[in-house]
Structures are given as structure tokens and as C-alpha cells.
Amino acid sequence: MQLRKGGMTQSCRLILKDPSFSMTSKKITRALISVYHKDNLEPIVNALAAEGVEFVSTGGTEEFIKGLGHKVTPVETLTGYPSIFGGRVKTLHPVIFGGILYRRDNASDVDQSGEFNIPAIDLVIVDLYPFEETVAGGGTHEEIIEKIDIGGISLIRGAAKNYKDVLIVSSRTQYSEVLQLLKDKKCTTALEDRRRFAAMAFDVTSNYDTAIFKYFSGSEDIVSFKSSVQDGKTLRYGENPHQHAVYYGDLDGLFEKLNGKELSYNNLVDIDAAVHLLSEFKGETGFVIIKHTNACGVATGTSVKEAYLKAFEADTVSAFGGILATNQKIDLGSAEEINKLFFEILIAPDYDDDALTLLKSKKNRNILKQRSELKVDKQFKSLLNGVIEQDFDNKTDEEVDLKVVTKKKPTSSEVQAMLFASKIAKHTKSNTIVLAVEGQMLASGVGQTSRVDALRQAIEKAKSFNLDLKGSVMASDAFFPFPDCVEIADKAGIKAVIQPGGSIKDQDSIDYCDQHDMAMAMTGFRHFKH
């Protein structure tokens, strides 16, 4: 079979017209390589050269290939045009895109490739300008704009579209896979190989376009939901064993796993709850114990050991098998106390060596070192036949937010206790009531269909662990529609209340407090959590 540059002889075209003839395997004869990142590119180039593949390239990649001792045809030689407009236009030319897009089994396409002297390109290796990295690095608007790739993304889309004839490598993360493919098959690819790489290519381009959209839409009122996360990890199962689950995100960027088995779906949900609640206690030594996303113990103290023991005291039953987290380094004394409890996960910013050795004594315990602070601005979830998105509740009630509405003013200690309890209520399933003293949660009622039920649950729980509620405070995630909650609280010994306010019957609760020497402050901020 005789080949001419960019086309095929009549005998070849006749074969291609025969529907019984199928060429799913393709030998790579010419490769276009133009990449921003050249790490680990060398072995791929050498593997291609060893099989006699011809190279077409541009700029820095052209010089890189030459430096390896291989011949390269500059893109300019094929197109007859130099790189223009400061490098903005290099590969955008019919000769390049024709060589990628023409269909080898289409007689008309084959004729035109010969007529216009368009050489076939069987392999495209291209990556994209680092747009996301430039944005994340605080680049200027001009720098960011120049990192919007045009030629590269067009090459990727073109090669992926014509995957029946062309292999596309669209990211350096694919280099090891394609190198193995080239070695195993001696630069011949099967249709399933090319289709797989095409799918990965569209993953790359869609992620890239989403990042660009998010940058531009930040200052524009465009109601459109787009999210793209390329890092995915298949979990053992979902919320229940019969459910499939995948976590999308850079978990390793947030935590270093020092011990334990693979994290499960439920583990991750509880870790999220623990880390968000713990973030409320900046500048303090905090400790939280989470079970099924709700806090069963929360405390601050002068040491991790003190904070842990106070948190554990609130519910010594639910803590079993829980998720534990602190915002301070764990020393041996703290570890010795924590080690007495069976728990699933422990999270801390650091561990003393002897503490870590002790905690790792049980191989299935997950010991996580938190590398960085968790910052979330938006949250979303699937709902009905769509997705619902909202701002994350980053509002923490502060002393400046408190509007005392009763005759009795809360003491300084009560104010601190109310703000402490409010932080916990914000992270607890509604309807919720949290009972606390300064620096220690005593009990909570969670996820109840009425606020009265939540309060009664909290009171009964405190009693079951012999915790005295006299002089404690009560926090509610939403307003009281009736004065029954403050009445029940009063009879349990609770002397101060924090709530958002906003009920048409707020005055009824205020009047009861005034008549029974209770203090109440309203914040104006509701913290429902569903």
C-alpha cells in the first residue's frame, strides 16, 4: 500500500469504502506534541522515536524534543505561518486541525487531505495553560486571562472527537498510562484505548471550562450551577452496604492519615461535622465528640486532656465508637485518657511521638493529622430532580449580636456560656436545644419534630448522666413560638436563654422570663440545619 503525504492512494480508498473492512487498531506514524509541562515527557518521546514516529511541535516543546536528539517538524513548516500575536495563535490552522479531524474511513475526507496536502496526525499530546493555578496563586487579571488556553483546548477537543483515528493525551497525569500503552503495543492503539483517552480528554476540558466560568461569573449575576472535581476515590460503600459511593476531592490535602483502615462514607460525613464544629473555637483549646453528625460532647479547657474529659462527661455512652477532634497538639497525658475509649477516628493538628505510638496500638483506629483549615463558602446537594445551593452558614453568634430583652441581664459567665451553646446549636440537626455552662456542653436534644421535645430530650439526657442543670443556659437554633420552652427550662434550673427571636409571640417568652428571674438574649440569626 503506497501512502502519500496527508492522503492515501486510490487502492486504499477502495478498501476503506468496503463496510466489511474494519481498522480498529491504528499504528501511530505522526505525533503532534505541544505541552506546557514537560515533566516525564522524555520517555514517551523516546518510545515514539524508537518506533519511527515523526514529530510535529511548537516552541519550547520543539526545542525539548530536539534536545533529546530527535528530528522535529515545526508547526510553522506545515502551516506556512509563524507563531503570531505573542504566541496566542500557533496551531489554529486547517493543516493542523485537518490532519487531526479528517476521517480515515471517509473517502471524501481522504481525497481532500490529499488535495490540500494535509498530513495525518495520529497522536496529539497537549496540556493546558495553568489557569486554576494562576487564579489560586493570586495572579493579576491580565495574567489570568493569558492563561486561558485556546489552541490547546481546541486540539484536545478535535483529537477526542476523532478518537476513531487519533489518540489524545490531554494531561501529564496520563503520561504513565500512555507510556505503558506505547511500550506494550509498540505504538499501535486499539479503538477502546483511544475512546478511553478521549473520555479523559473531555473530563479535562469540561473541568477547565468550569474553572474559567467560575472566575468570570464571580462578579456577574448568572444563575447557573457548575461544579467540577477531578479527584475521585471509590469508597467501600455508601451510607449503607448496598449503596455505591465515591468521594470527590483532595482529602490528602486536608488530612494526613497516620493509622487505620480506609475511611468510609459515614466516616467522612462525621469528619465533616467534627471539623466544622471545631472551627468555631479558634484561639481556644477545644474538643468535640461526634456521633451521626451531631455533637454528643463539646468542651474547651486549659489543656486537651481537660477539654476531652469535660466533653466525654456529657455523654459517656454515645461517645463509644465516635469521631473525636481537637484543635491542639495531643500529648501523652491526653492520649492516655483518650486511649481508654473505643473510637473510630481521632483528628488533631499534631501528636507527640509517644502519644501517637500509644494511639496507634489499635490498628483499625483512624488517626488523622489535619494539615489545613477547612474553608467553605457554598454548599449544595441533590434535591428532587435537581441541585440546591446556598451560602454556607459561616455566621457565628458574637457578643455584639446579643440583644438582651429581659429585665435581668445575663452575667459575664452566662454570656460566654450562651455563645458557647449557640455555636453547638448551629451545627446540630434541627429542631435542637443545647444546654451548657461556660466551656462545657451538658446535653442536647437533636433532630426533633418540636422544640419542646428537643428540650425534654436534653433535660432527660443530662439527668441520666447526673449533670446538674442549675445555673446552666439554653440555646435554641430558632425562635420559640410559645413560652412553654422557657417554662420547662426554668423548672429544670436553667437561668439564661439565647435564641434568634422573630416569633410573633416573642413577648410571651420574654414575659415569662421576667416573671421568673431569667435572662434572655436574642441574636437575630436563625441556625436551622437539616
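Thresholds applied
- Residues numbered from 1 in each chain as written.
- Predicted model: local features only at pLDDT ≥ 70, side-chain atom pairs only at ≥ 80, totals over all residues.
- Heavy atoms only, no water.
- Helix = DSSP H or I, 4+ residues; strand = E, 2+ residues; numbered from the N terminus.
- Polar contact = N/O pair within 3.5 Å; in protein donor to acceptor, adjacent residues only side chain to side chain.
- Patch = residues over 30% accessible without salt bridge, like charges linked within 9 Å, V, L, I, M, F, W, Y side chains within 5 Å.
- Areas by Shrake-Rupley, 256 points an atom, 1.4 Å probe, with all protein chains shown as cover.
- Salt bridge = Lys/Arg side-chain N within 4 Å of Asp/Glu carboxyl O.
- Lys, Arg positive; Asp, Glu negative; His and termini not counted.
- Charge placed at Lys NZ, Arg CZ, Asp CG, Glu CD.
- Buried < 20%, exposed > 50% of the residue type's maximum accessible area, 1.4 Å probe, protein only.
- Pairing = 2+ DSSP bridges.
- Core = buried A, V, L, I, M, F, W, Y, C linked by side-chain atoms within 4.5 Å.
- Contact = heavy atoms within 4.5 Å.

**Q** What's the story with the environment of N106 in this structure? I'm lost.
**A** Here N106 lies in the loop between α5 (94-101) and α6 (107-115). Sequence-wise, N106 and Q180 are 74 residues apart; in three dimensions their C-alpha atoms are separated by 31 Å. A polar atom in the side chain of N106 sits 3.1 Å from the backbone nitrogen of S108. Of the polar contacts made by the side chain of N106, one reaches the backbone nitrogen of D109; its length is 2.9 Å.

**Q** Any chance you could explain a negative patch on the surface here in plain terms?
**A** A cluster of acidic residues, D331, E336, D353 and D354, forms a negative patch on the protein surface. Relative to the helices and strands, E336 is located in helix α15 (residues 332-338). Since its relative accessible area comes to 44%, E336 is described here as partly exposed.

**Q** So what exactly am I meant to see when it comes to the pairing of strand β19 (residues 386-391) here?
**A** Successive side chains on a regular strand alternate, one facing one side of the sheet and the next facing the other. Where strand β18 (residues 378-383) and β19 come together, 6 bridges link them in antiparallel fashion. By the bridge assignment, K378 is partnered in β19 with D391. Between the antiparallel neighbours β18 and β19 lie 2 residues, among them L384 with a positive phi of about 50 degrees.

**Q** Would you mind going over the pattern of salt bridges with me for this structure?
**A** Proximity of charged atoms lets side chains of opposite charge pair with each other. In total, this model carries 28 salt bridges according to the counting rule given. Salt-bridge contacts for D391 lead to K378; the nearest nitrogen and oxygen are separated by 2.6 Å. Within this pair, whereas D391 is found in strand β19, its partner K378 is found in strand β18, the two being separated by 13 residues in sequence. We classify D391 as exposed; its relative accessible area is 52%. The partner of D401 in a salt bridge is K395, and the shortest N-O contact between them spans 2.7 Å. A relative accessible area of 23% means that K395 is categorised as partly exposed. In the salt-bridge network here, residues are joined through shared partners; they are E62, E63 and K66.

**Q** Could you clarify how one ought to interpret the nonpolar core in this entry?
**A** Note on soluble globular proteins: their nonpolar side chains tend to be buried together. By size, the foremost hydrophobic cluster in this structure holds 41 residues, and its most contacted members are I271, V288, I290, V298 and I347. Sorting elements by how many residues they give to this core places helix α17 (residues 412-426) first, with 8 residues. For I290, the contacting residues outside a window of four places in its chain are D270, A273, A274, L277, A295, G322 and I323. One finds V75, I121, F131 and A201 within the second-largest nonpolar core, a separate group that totals 28 residues.

In short, shape yes, function no, at least from these values alone.
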